[in-house]
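Chain by chain, the residues run as shown.
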Amino acid sequence: MRWNPVVQALAWAALASPALPLPAAEPLPLLLAETEQGQADVALYLVSEKLDGVRAYWDGQALRTRNGHPIHAPAWFVAPLPPQPLDGELWIGRGEFERLSGIVRRQTPDDEQWRQVRYLVFELPQAPGTFRQRAQALRELTTTLALPWLQAVEQWEFGSRQALDERLLGVSRAGGEGLMLHRADALYVTGRSDVLLKLKLWRDAEAMVIGHQPGRGKYAGMLGALRVPTDDGVEFLLGSGFSDADRRQPPPIGSLITFRYRELTARGLPRFASYYRPRDL
């Protein structure tokens, strides 16, 4: 295989250039996605699956969560990683977030459980070049390191919105969260930016309001959350997605509402549930 000189330089920089570790327990300066509103020029982006994992930043010496907390991975997992920062997701598989979270939260890592975890990387933080060049460098870097648990996230290209929507539907039907669109020509940036867009399908459900939870702080005197049951009778609080007008005049007890969520937890509770609107009778 003949390497592009720019990409080759990036890949070997990742192996050879040490990085200073970031302070512990402080939110890390990472790139955060905006929501895709159906207006993006699909041809300008590289697209990957939105992974249902734990965001993990390798600072060259330690693995950290998005909020800067250390991840206690086994020594064999982190020792071969390069001195260059990496950004990605710890991942087991679609729909396995809760099990993964239990593994990652342990102060003393369980070797057998960590054998199931992969570190899927999608960015070379602070590296020069466009995202297309960085993505290629990541592929070549992971190939060079040849670690079974370290992989570059696959990037796709689409020539039309229809093709993108078909992939989104396929990923969603297979249990995936959605897609991530990253501008191919973007230099590395941090913070929330439209160079990175998230695209996903939400699941909708209906529920009867059985209670009102009072708000606190800026929502004092207004609605804090609705108490609603799932179809199986499991009660939960629905606290996001409301406008101030909704909070001042919430859906009455006994009324039906529609809410959106990503998936069900192992206990049958909607994950990331958000109020959508009253149900039209």
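Quick caveat: nothing in here was measured; it's all calculated off a predicted structure.

> Sorry if this is basic, but what is going on with the overall build of the protein here?
Per the secondary structure count, the protein includes seven helices and 17 strands. Overall size of the protein, expressed as C-alpha extent along the three principal axes, is 65 × 45 × 35 Å. Burial status across the protein gives 46% buried among its 281 residues. Considering only contacts in the protein between residues 6 or more positions apart, those separated by 24 or more positions represent 70%. Charged side chains in the protein number 33 positive and 32 negative. The centres of these two groups are separated by 2 Å.

> Would you take a moment to explain the packing of aromatic side chains for this structure?
The description of an aromatic ring pair rests on the distance of the ring centres and on the angle between the ring planes. One pass over the structure, following the stated rule, counts eight aromatic pairs. For the ring pair Trp76 and Phe77, a centre distance of 5.7 Å and an interplane angle of 65° mean the geometry is edge-to-face. Centre to centre, the rings of Phe77 and Trp114 are 5.0 Å apart; their planes meet at 70°, and the pair counts as edge-to-face. Taken together, the residues Phe77 in helix α2 (residues 75-78) and Trp114 in helix α4 (residues 111-114) connect sequence positions 37 residues apart. Assigned by exposure class, Phe77 and Trp114 land together as buried.

> I would appreciate a short explanation of the nonpolar core in the present structure.
A general trend in soluble globular proteins is that nonpolar side chains are found buried together. Core analysis: the biggest nonpolar cluster contains 28 residues, and Leu63, Phe77, Leu86, Leu90, Trp114 and Tyr119 have the highest contact counts within it. Those elements that place two or more of their residues in this core are β3 (54-58), α2, β5 (86-91), α3 (97-105), β6 (118-123) and α5 (131-145). Contact partners of Leu63, with chain neighbours within four places excluded, come to Ala56, Tyr57, Trp58, His69, Pro70, Ile71, Ala73, Phe77, Val78, Leu90 and Tyr119. Core analysis: the next-biggest nonpolar cluster, separate from the first, contains 15 residues, Ala205, Val209, Phe236 and Ile257 among them.

> I keep staring at the pattern of salt bridges and nothing clicks. Help me out?
Between side chains of opposite charge, a pair can form when the charged atoms approach closely. For the structure shown, the criterion picks out 11 salt bridges. In this structure, Glu36 engages Arg161 in a salt bridge whose closest nitrogen and oxygen atoms are separated by 3.0 Å. Here Glu36, found in the loop between β1 (31-35) and β2 (45-50), pairs with Arg161, found in helix α6 (residues 161-173); they are 125 residues apart in sequence, far enough to count as distant. Salt-bridge contacts for Asp87 lead to Arg55; the nearest nitrogen and oxygen are separated by 2.7 Å. With Asp87 in strand β5 and Arg55 in strand β3, this pair connects stretches of sequence that are 32 residues apart. Of the two residues, Asp87 and Arg55, neither departs from the other in class, the shared state being buried. One continuous salt-bridge network, built from bridges that share partners, spans Glu36, Arg161 and Asp165.

> Honestly, the sheet that holds β3 in this entry has me stumped. Any pointers?
The strand order β4-β3-β5-β6-β7 describes an open sheet built from five strands, whose pairing is mixed. Edge positions in the sheet fall to β4 (63-64) and β7 (150-152), since each of these pairs with one other strand and no more. Together, β5, β6 and β7 form the strand contacts of α5, whose direction differs from that of β6 by roughly 150°.

> I tried to follow the side chain of Lys50 on my own but got confused; where do I start?
Relative to the helices and strands, Lys50 is located in strand β2. Its relative accessible area of 13% is what places Lys50 among the buried residues. A polar contact of 2.8 Å, which involves the side chain of Lys50, links it to the side chain of Glu177. Non-local contacts of Lys50, meaning those with residues more than four positions away in its chain, are made with Glu177, Gly178, Leu179, Met180, Lys198 and Arg262.

Conventions we followed
- Residues numbered from 1 in each chain as written.
- Predicted model: local features only at pLDDT ≥ 70, side-chain atom pairs only at ≥ 80, totals over all residues.
- Heavy atoms only, no water.
- Helix = DSSP H or I, 4+ residues; strand = E, 2+ residues; numbered from the N terminus.
- Buried < 20%, exposed > 50% of the residue type's maximum accessible area, 1.4 Å probe, protein only.
- Contact = heavy atoms within 4.5 Å.
- Lys, Arg positive; Asp, Glu negative; His and termini not counted.
- Charge placed at Lys NZ, Arg CZ, Asp CG, Glu CD.
- Phe/Tyr/Trp six-rings, centres within 6.5 Å; stacked < 30°, edge-to-face > 60°.
- Core = buried A, V, L, I, M, F, W, Y, C linked by side-chain atoms within 4.5 Å.
- Salt bridge = Lys/Arg side-chain N within 4 Å of Asp/Glu carboxyl O.
- Pairing = 2+ DSSP bridges.
- Axes fitted to C-alpha atoms, helices over the stretch in contact; angles between N-to-C directions.
- Polar contact = N/O pair within 3.5 Å; in protein donor to acceptor, adjacent residues only side chain to side chain.

So yeah, pure geometry; function would need other evidence.
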